[in-house]
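Here is how the chains run, residue by residue.
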Amino acid sequence: MVTAKFKCINPECEHKDNTIEIDGPNDLTGKLFYCCWCGKVYSGTHYMKESESWLTCIAFKGLEASSTNGPQQSTQTGETLWADTNGNHMTRQKYAWTYGWDPKTIWCNDPRNRNRDLCKNFENRCKSSRSLIPPLSEVDDSHLQGHKKPKTIGV
């Protein structure tokens, strides 16, 4: 395992430093990861420049525009779906790819939601390694409302 470090570029984020454990740079290809403090999502398209590395960001469109109305459990599949402000329900993965924010982080960051079952141990979220948000399936990909999956650029 390798620890990748990155700085959140959300100007409103009070904690800029982030780390995530990965097997190597190829582990990021086509995946998303997010700032554990504010939920800003970054694409896993990885670039190298001299000895530095950085990752591209999904364009900021304002937290209010991408805020979630909260989680709902699907009656068909039992999985947790996230409602956007238009009432559309989508998986955490699709929400992150569509809006560029992790809905769980946004939801659990709200003090009113901290005691909910879904947000247990939320205060420890930045102390442990987080998983990457995997690429969308072809079904999810065809329903994207905003962002498109990033093209992989050589490492």
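Up top is the structure.
Because the structure is predicted, anything quoted here is derived from the model rather than measured.

Peer 1: It is not clear to me how the pattern of salt bridges should be interpreted in this structure. Could you clarify?
Peer 2: Two side chains bearing opposite charge may form a pair once their charged atoms approach each other closely. Evaluated as defined, the whole model comprises four salt bridges. Between Asp 102 and Arg 92 there is a salt bridge, and its shortest N-O distance comes to 2.7 Å. Taken together, the positions of Asp 102 in the loop between helix H2 (92-99) and helix H3 (103-109) and Arg 92 in helix H2 put the pair ten residues apart, joining distant regions of the chain. Relative accessible area serves as the criterion here: at 0%, Asp 102 is assigned to the buried category. Asp 117 serves as the salt-bridge partner of Lys 120, at 3.5 Å between the closest nitrogen and oxygen. Comparing Lys 120 with Asp 117, the two get one shared label, exposed.

Peer 1: How should the environment of Lys 7 be read in this particular structure?
Peer 2: Note that Lys 7 resides in strand S1 (residues 2-7). Along the sequence, Lys 7 and Asp 17 sit ten residues apart, while their C-alpha atoms lie 4.8 Å from each other. With residues near it in sequence (within four places) discarded, Lys 7 still touches Lys 16, Asp 17 and Tyr 42. In terms of polar contacts, Lys 7 uses its side chain to reach the side chain of Asp 17, at 2.4 Å.

Peer 1: Even after reading the chapter, I still don't get the environment of Glu 12, so can you show me in this structure?
Peer 2: Within the fold, Glu 12 resides in the loop between S1 and strand S2 (17-22). For Glu 12 and Cys 38, which are 26 residues apart along the polypeptide, the C-alpha to C-alpha distance reads 8.5 Å.

Peer 1: Would you mind showing me how to read the layout of surface pockets here?
Peer 2: One way to see where empty space is left: roll a probe the size of a water molecule over the atoms. Approximately 230 Å³ is the volume attributed to the second largest pocket. Grouping the amino acids of the lining of the second largest pocket by side-chain chemistry returns six nonpolar, four polar and two charged.

Peer 1: Would you take a moment to explain the state of the cysteines for this structure?
Peer 2: Working definition of a disulfide: a covalent bond connecting the sulfur atoms of two cysteines. Using the criterion set out here, one finds two disulfides in the structure. When the bonded cysteines of the protein are numbered from the N-terminus onward, they pair as 1-4, 2-3. Just so you know, Cys 13 is unpaired, no disulfide at all, and the nearest cysteine sulfur is the one on Cys 35, 3.8 Å from it. With no disulfide of its own, Cys 38 lies closest to Cys 8 among cysteine sulfurs, the gap being 3.7 Å. Accessibility expressed as a relative area gives 12% for Cys 38, which makes it buried.

Peer 1: What's the story with H2 in this structure? I'm lost.
Peer 2: Along an α-helix, a turn takes 3.6 residues, which lines up residues three or four apart on a common side. Judged by how many residues are buried, H2 sits mostly within the fold: six of eight residues are covered. For H2, the full list of buried residues reads Lys 94, Tyr 95, Ala 96, Trp 97, Thr 98 and Tyr 99. After H2 finishes, the residue Gly 100 shows a positive phi value of roughly 80°.

Thresholds, definitions, all that
- All residue numbers refer to positions counted from 1 along the written sequence of the respective chain.
- The model is predicted, so local features are restricted to residues of pLDDT at least 70 and side-chain atom pairs to those at 80 or more, both for listing and for counting; the totals for chains, interfaces and linings are taken over all residues.
- Just so you know, side-chain values use all the structure's heavy atoms and leave hydrogens and water out.
- We define a salt bridge as a side-chain nitrogen of Lys or Arg found within 4 Å of a carboxyl oxygen belonging to Asp or Glu.
- The secondary structure listing takes helices from DSSP runs of H or I that are at least 4 residues long and strands from runs of E that are at least 2 residues long, numbered from the N terminus.
- Only protein chains enter the accessibility calculation, which uses a 1.4 Å probe. A residue is then buried if its area is under 20% of the maximum for its type, exposed if over 50%, and partly exposed in between.
- Only heavy atoms matter for contacts: two residues are in contact if any of them lie within 4.5 Å across the pair.
- Distance and chemistry together define a polar contact, namely a pair of N or O atoms within 3.5 Å, with one atom able to donate a hydrogen and the other to accept it when in protein, and with adjacent residues in sequence counting only for side-chain atoms on both sides.
- With a 1 Å grid laid over protein atoms only, a set of points is called a cavity when a 1.4 Å probe fits there but cannot get out and a pocket when it is open yet has protein on both sides within 12 Å along at least five of seven lines; lining residues have an atom within 4 Å of a point.
- Grid points are joined across faces, edges and corners, and a volume is the space filled by probe spheres set on the points.
- In this classification, the charged set is Asp, Glu, Lys and Arg, the nonpolar set is Ala, Val, Leu, Ile, Met, Phe, Trp, Tyr, Cys and Pro, and all remaining amino acids, among them Gly, are polar.
- By disulfide we mean two sulfur atoms from cysteines, separated by a distance within 2.5 Å.

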